[in-house]
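# Structural description and commentary
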Amino acid sequence: DVYKRQVVPAPQRSGSALGKTPRRCIMPVTVRQAGREDLPAIIAIEEASFSVPWSHQSLAAELDNPVAKYYVLEGETGQVLGYADVWLIADEGQLANIAIHPSARGHGYGETLLRTAMEALFQDGCTSMFLEVRQSNAPAQGLYRKLGYEGVAVRKDYYSQPVEDACIMQCQKENYQWFSHLR
């Protein structure tokens, strides 16, 4: 499956959580299912994004995981800018992992990638999505809330380096902001 989208992010408010000058970018991107050929880029993005990255073996194993759908987001030149790994077990979805390369953040690519992955799971029978996010990751939590997620629980000391609690968030299909176009 290949999904082409035009990314036009909303302007950031001054004093954003990232403390950056607002950036606007209009670039066509492609979201498609990942293949083995994408593994080097996925590994590089993973290692640039997380203090405790998944091992190369774990990332590779996800490509063969029967419940996983692995997506990559490509820029105009075909460069992989991000990836998402979602699982569908019965009617429940799980965002296992998502990352955008640090140099490509702030352009709305994370939203595009996550929306594409969520919509694919919803089309396949998913009725609710779950994820864990660091308590301190306000930008990610803001995106998840925008898409319809709500905090439902806390996992104590879920993350390491640094040790931090995880906020468990859930999005019911009917709470997904773009639910009406999925029917």
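Remember, it's a predicted structure, so these values are computed and weren't measured experimentally. (Residues numbered from 1 in each chain as written. Predicted model: local features only at pLDDT ≥ 70, side-chain atom pairs only at ≥ 80, totals over all residues. Heavy atoms only, no water.)

### A few points about the overall build of the chain
Where we set the bar: Helix and strand definitions here come from DSSP, where helices need a minimum of 4 consecutive H or I residues and strands a minimum of 2 consecutive E residues; each element is numbered from the N-terminal end. Buried, partly exposed and exposed residues are distinguished by accessible area as a fraction of the type maximum, computed with a 1.4 Å probe on protein chains only: under 20%, between the cut-offs, and over 50%, respectively. The contact definition used throughout considers only heavy atoms, calling two residues in contact when any of these lie within 4.5 Å. Calculation of accessible area relied on Shrake-Rupley with a 1.4 Å probe; when residues are assessed, cover is drawn exclusively from the protein chains displayed.
Regarding its fold elements, the chain presents four helices and eight strands. Each helix (α) and strand (β) of the chain, taken in turn from the N terminus, gives the series β-β-α-α-β-β-β-α-β-α-β-β. When burial is assessed residue by residue, the chain has 48% of its 183 residues classed as buried. Of the contacts made within the chain by residues no fewer than 6 positions apart, 61% connect residues no fewer than 24 positions apart. In the structure as shown, the chain presents an accessible area of about 9,500 Å², 51% of it carried by carbon and sulfur atoms.

### Let's talk about helix H3 (residues 109-123)
Put simply, the rule is: Between the first and last residue of a helix there are one fewer steps than residues, each counted as 1.5 Å, and that sum is the expected span.
Taking 1.5 Å of rise per residue, 15 residues should cover 21 Å, and H3 covers 21 Å from first to last C-alpha, within 8% of that figure. In terms of burial, H3 is largely enclosed, as 14 of its 15 residues are buried. One or two residues past the end of H3 sits Gly125, with phi positive at roughly 105°.

### A closer look at the nonpolar core
Condition: To qualify as a nonpolar core, a set must consist of buried Ala, Val, Leu, Ile, Met, Phe, Trp, Tyr and Cys residues joined through side-chain atoms within 4.5 Å.
Counting residues in each nonpolar core, the largest one holds 34 residues, and the members touching the most others are Leu113, Met118, Met129, Tyr144, Leu147 and Tyr149. Where this core is concerned, the elements lending two or more residues are strand S2 (27-33), strand S3 (68-74), strand S4 (80-89), strand S5 (92-100), H3, strand S6 (128-134), helix H4 (138-146) and strand S8 (164-172). Judged by nonpolar contacts, the second largest core, of 12 residues, contains Ile43, Tyr70, Val72 and Ala99.

### Some points on unusual backbone geometry
Cis geometry is found at the peptide bond from Gln161 to Pro162, where omega equals 0°. Along the polypeptide, Pro162 turns up in the loop between strand S7 (150-159) and S8. Even without glycine at this site, Ala90 takes up a positive phi of about 60°. By the element assignment, Ala90 lies in the loop between S4 and S5. The backbone of Gln161 sits at a positive phi, close to 50°, despite the residue not being glycine. Tracing the chain through its elements places Gln161 in the loop between S7 and S8. The exposure class assigned to Gln161 is exposed, which follows from its relative accessible area of 54%.

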